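So the chains spell out like this:
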Amino acid sequence: SSGINAEYGGRFSETVESYLIIDTRYPYEFEGGHIEGAVNVVTREDMTRIYLDNPDIPSKRQVVIFHCEFSSKRGPRMCRFVRKEDRDRNSYRYPSLYYPELYILHGGYKEFYPLYPDLCKPQNYVLMADPNFAEQLNHWQKICKTHTDSNGTTTVRGFKSRVRSQRQLNLP
């Protein structure tokens with residue numbers, strides 16, 4: 001996102017070609033306010049279709065930043081999924097990857113928005129648990145608990161997931 005690069009005074013423009021900000025919050029949260037230039041990707045299937053099946057490999061570094069509301073569940077889960085799929089798809093050319101630099105925005109949108117409201121469009125923050133969106137929350141939680149693999153087999157993901165160390169992007 002150009003806003004992120006501008007916020008850092010273009011300090012990284014010599015080495016970083018682009019920032020890809022993946023907002024894994026549900027669409028009503030995203031539409032209620034998001035980091036300018038972010039892309040809303042909620043499901044593994046959409047992530048695969050948009051970024052893994054047709055990777056756009058820049059000539060310079062591309063920094064990919066994942067986040068959700070708190071960056072404690074949905075964002076890290078999608079980051080782990082992308083890393084695993086990327087490694088699997090590029091195993092024949094190890095250690096090369098489509099997306100070698102994956103980060104998780106520390107504190108998520110909840111901490112980002114109050115610090116950088118000018119980088120958010122619209123300048124607002126809708127909670128995942130906002131009672132005005134209870135029906136949409138229920139809908140998206142059901143969708144995100146199912147996963148269809150490449151063979152067309154649909155499974156329901158468990159509620160527990162292992163916590164792994166992630167590289168965190170801390171903003172001042």
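Bear in mind the structure is a predicted one, so any value in this text is a computation, not a measurement.

> Go over the overall build of the protein with me, naming the residues and quoting the values.
For the protein, the helix and strand inventory stands at six helices and nine strands. Looking at the protein residue by residue over its 172 residues, the buried ones come to 42%. In the protein, the proportion of contacts linking residues at least 24 apart, taken out of those at least 6 apart, comes to 66%. Accessible area for the protein stands at about 10,000 Å²; split by element, carbon and sulfur atoms hold 52% of it.

> If you had to explain the pairing of strand β4 (residues 61–67) to someone new, which residues and values would you point to?
The side chains of a regular strand alternate between both faces of the sheet. With respect to burial, β4 is a largely interior element, six of its seven residues being buried. Across four bridges, the pairing between β4 and strand β5 (residues 101–105) is parallel. For V64, the partnering residue across the bridge sits in β5 and is L102.

> Which residues make up the pattern of salt bridges, and what values do they have?
Throughout the structure, instances matching the rule amount to eight salt bridges. Note that R61 and E101 form a salt bridge whose closest N and O atoms lie 2.5 Å from each other. With R61 in strand β4 and E101 in strand β5, this residue pair connects regions lying 40 residues apart in the sequence. For R61, a relative accessible area of 37% corresponds to the partly exposed category. D86 serves as the salt-bridge partner of R83, at 3.8 Å between the closest nitrogen and oxygen. Of the two residues, R83 and D86 are both situated in helix α4 (residues 74–89); the distance of three residues between them amounts to about one turn of the helix. It is possible to trace a salt-bridge network through shared partners that takes in D53, E85 and R89.

Rules and cut-offs
Residue numbering note: each chain is counted from 1, following its sequence as written. Totals for whole chains, interfaces and linings use all residues, but because this is a predicted model, local features are given only for residues with pLDDT of at least 70 and pairs of side-chain atoms are given and counted only at 80 or more. Only heavy atoms go into the side-chain values, all of them from the structure, while hydrogens and water stay out. Note on conventions: DSSP H or I runs of at least 4 residues are helices, E runs of at least 2 residues are strands, and numbering of each starts at the N terminus. Only protein chains enter the accessibility calculation, which uses a 1.4 Å probe; a residue is then buried when its area is under 20% of its type maximum, exposed when over 50%, and partly exposed in between. We call two residues in contact when some of their heavy atoms are within 4.5 Å. Accessible areas in this description were obtained via Shrake-Rupley with a 1.4 Å probe; residue shielding takes into account the shown protein chains only. A pair of strands is considered paired only if DSSP assigns at least 2 bridges between the two. Salt bridge, as used here, is a side-chain nitrogen of Lys or Arg placed within 4 Å of a carboxyl oxygen of Asp or Glu.

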